[in-house]
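Secondary and tertiary structure notes
These are the residues of each chain, in order.
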Amino acid sequence: MSENSISRRSVRRRAAVLGLAVATTTSTGALTASAAVSTAAATAASGVPARSAVHVSTLPNGDRVTVRGSGARTSTMVTGPDGHSVPAVQMDVGGHAYVIPVSVIASGQAYDSAAYDTTAAARPAAVTPHYPLSILEIDGIGLDGGAAAQATTFLFNTDDMKRYAKPIPLRGGVARVAVPSGNYWAVTVFATYDPATRDATEHVVTRTDLAVTGSGTTTLTADERSATARVGAVTPRPSTADGDVESIARTDAAGATGQVSSGSTGATWVTPQPAARIGTLAYRVVQFGAAGPAGPDPYRYDLSFPPADHIDANQTYRPDPSRIQTSHNVFATDAVNPAHQAAWEMAATGPNGGGGTEHIVPAPGRLTDYLGVSTDDIDWFAFYFPVENVPNQNSELEFTDLGFYRGPGETWRAWGHGPLTPQVGQYTNAMACNACVNPSNGVMDFGITEFADSDPNSAARDLGSGYTETFSVYRDGVQVATQPGWPHTELPGPTAQPGTYRMVYDADTTGSGLPMSQSTKTHTDITFRYATGSAEQPALPTDDFCYAGGFDSTGCEILPALSLDYQLVTDGSDTSRLPVQLLDLGVGHQSYQGQGSHAAITGATVSVSYDAGKTWVPAVVAPTRDGHYLAAWPNNAPKGSTPWLKVTATDAIGGSISQTVANAYTIG
């Protein structure tokens, strides 16, 4: 594999997620909604901000489901026992959250869909109302004209989705079920799956309206051959499709919405269908991915297209050039990354669900990603894993950017460029506030992002249980909170007392299982003053949220904690071959979309240690512009050495920061 090629055959999280959601309003997926509810409840009970709203469950076949985030900002992954991603079908309805791997559907073997309900243990017993029943027989016909065993039908009652909405596996190409008499909508997914390549293809056969009534048997014939429209796109530059996600949202007679999202990593064909007779139908290609040819200029397309009230026979789309963002990405990784590979994932989400694909990319490396949207209700999320740590997927660094599409034009972004350090951050995208206060209820939040790289929008965490960390908060020299395992805590109201606050955070990656030789340990000490009504505590923008405000921004003020920005002159493996090392150091305050303290920065120091912190040599530091300093020191240590760095800075309102980074970079 050339340095700048993208391996489409080694895609790891190419999950063709099929999600069904039923709610009184349009839902982005009840599995994520369930995770959000449980996380919010835990937060309220403990008084501690939740750790990234991560929900993990294990399926009967050994695959694992991980849901990250909450509400609309969620990402769902299904991974096999070896840590590789696998395509899956997700269904959520009435408090149930089914996740069925495509390999289970494609096997043709009988399976119990209830065993794949990831919320069964936490769900209270339900009261089932009684309705007049009718018999529905589903006959699946394959591409060869014979009975198709490798399919599952997702069936909705369109009079009232609360009456019936379930996955129905076909056994020997047939299923017979007793359902409440009435009107239905059916989506039958025929799937093939290659376990060696993890390639999945799907034929999605939709029946918009079906009446199931009377004392006899109603037959639904789902013919795989009727899925004649292949989903594709014509891109400005040559490309080959490598993943797609389609969503179908349907309202019932009462206005409740159910949703099916399907896709593949091989090819997807859909059945043309008219608009719905009962309720409404909205079909759209939420995400379409395609990679350019291998070569010195790697690029790909990740596109989203507008919804329609029917499924058209022509499923070839063209992106709107006026709405394409050209994103130039540079990927960095640790010097000891054994495979020189990283993972890059793009995911789209909108009011009718979403999904995305992840690809193995060379690291160090670069990639131009052409992002396209057709409507303003689509968000693009970007995820970067600088070390592809299979099979130990639990120990991976995960960098995220939840507002990656910023509009047409060009953007430049470096991912994973070290040193990787904890910071309160200076974000231009919507984020959760690390350190905020809500004067109206007296609640104070204290926290720090576990890992930041050289980009201001960086936010990363270590997925490994062996990663150790301790976070403590002091007020006027007295410890008021301390905890291991998560650098966020909350002081409940009414404790928002004026005074000098200090956050101390120690982190160690050496036991996490990550193949890391750089930024392995950090010590961060941040001091700031809180004063009621201070102009240095501006309001949090409405696009952001804080835990002290009950997951809202209303009433929250940004505390004036200092943050550091390291622009260290190293290559894509954080290695320097310079005789004199250079660092462009930025010092500023925690900020969100430009809001934060603008108090003057009064000074900064940089020191380097070549003997693991036993002795320190001061660097030459000179101010260059407001809050920026140029630091220089000699790289007078043997090749392969990993110097430590210590940085301090102060502001004009009594704030300070001190940070020590073990093995900050490598001398080449």
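So, how was this worked out
- Residues numbered from 1 in each chain as written.
- Predicted model: local features only at pLDDT ≥ 70, side-chain atom pairs only at ≥ 80, totals over all residues.
- Heavy atoms only, no water.
- Helix = DSSP H or I, 4+ residues; strand = E, 2+ residues; numbered from the N terminus.
- Buried < 20%, exposed > 50% of the residue type's maximum accessible area, 1.4 Å probe, protein only.
- Contact = heavy atoms within 4.5 Å.
- Areas by Shrake-Rupley, 256 points an atom, 1.4 Å probe, with all protein chains shown as cover.
- Pairing = 2+ DSSP bridges.
- Axes fitted to C-alpha atoms, helices over the stretch in contact; angles between N-to-C directions.
- Patch = residues over 30% accessible without salt bridge, like charges linked within 9 Å, V, L, I, M, F, W, Y side chains within 5 Å.
- Salt bridge = Lys/Arg side-chain N within 4 Å of Asp/Glu carboxyl O.
- Polar contact = N/O pair within 3.5 Å; in protein donor to acceptor, adjacent residues only side chain to side chain.
- 1 Å grid on protein atoms, 1.4 Å probe; cavity = no way out; pocket = protein on both sides within 12 Å on 5 of 7 lines; lining within 4 Å.
- Points joined across faces, edges and corners; volume = space filled by probe spheres on them.
- Nonpolar A, V, L, I, M, F, W, Y, C, P; charged D, E, K, R; others polar.

Considerations on the overall build of the protein chain
When helices and strands are counted, the protein chain shows two helices and 52 strands. The proportion of buried residues among the 668 residues of the protein chain is 59%. Contacts spanning at least 24 positions in sequence make up 71% of the contacts within the protein chain whose residues lie at least 6 apart. For the protein chain, the accessible area works out to roughly 24200 Å², and carbon and sulfur atoms hold 55% of it.

Concerning the sheet that holds strand E7 (residues 133–141)
Across the sheet, three strands lie side by side as E10-E7-E13; this open sheet has mixed pairing. A strand with exactly one partner marks an edge of an open sheet, and here the two such strands are strand E10 (174–180) and strand E13 (217–223). Neighbour-to-neighbour, the strand axes of this sheet turn through a mean angle of 25 degrees, independent of strand direction. Of the pairings in the sheet, the one linking E7 to E13 comprises seven bridges and is parallel in character. Bridged to glutamate 137 within E13 is threonine 219.

Some details on a nonpolar patch on the surface
A cluster of nonpolar side chains, Val569, Leu578, Val580, Leu582 and Leu630, forms an exposed patch at the surface whose accessible area comes to about 360 Å². Note on placement: valine 580 falls in strand E43 (residues 580–589).

Focus on the side chain of serine 517
For serine 517, the position within the fold is in the loop between strand E38 (499–508) and strand E39 (521–530). In this structure the side chain of serine 517 is engaged in a polar contact, spanning 2.8 Å, whose partner is the side chain of aspartate 334. Leave out the neighbours within four places in its chain, and serine 517 touches Asp334, Ala335, Val336, Thr642 and Asn663.

Examining empty space enclosed by the protein
One simple way to see leftover space: roll a probe sized like a water molecule over the atoms. Inspection of every chain in the model, using the stated rule, returns four cavities of 30 Å³ or more. Looking at the second largest cavity, its volume works out to about 90 Å³. Ala332, Thr333, Asp334, Pro386, Val387, Leu397, Gly416, Leu420, Met516, Gln518, Ser519 and Asp574 are the residues that line the second largest cavity. A class-by-class count of the residues in the lining of the second largest cavity yields six nonpolar, four polar and two charged.

Details of the pairing of strand E32 (residues 443–447)
On a regular strand, one side chain projects to one face of the sheet and the next to the other, so that they alternate. Counting buried positions over the five residues of E32 gives five, a clear majority of the element. Taking every second residue as pointing to the same face, both faces of E32 are buried, with Val443, Asp445 and Gly447 on one and Met444 and Phe446 on the other. Here three bridges tie strand E31 (residues 436–438) to E32, and the two strands are oriented antiparallel to one another. When the sheet's bridge partners are listed, valine 437 is paired in E32 with methionine 444. Hairpin connection from E31 to E32: four residues lie between these consecutive antiparallel strands, with glycine 442 at a positive phi of about 75 degrees. Where E32 and strand E37 (residues 488–491) come together, four bridges link them in antiparallel fashion. Paired with methionine 444 across the two strands is leucine 491, which belongs to E37.

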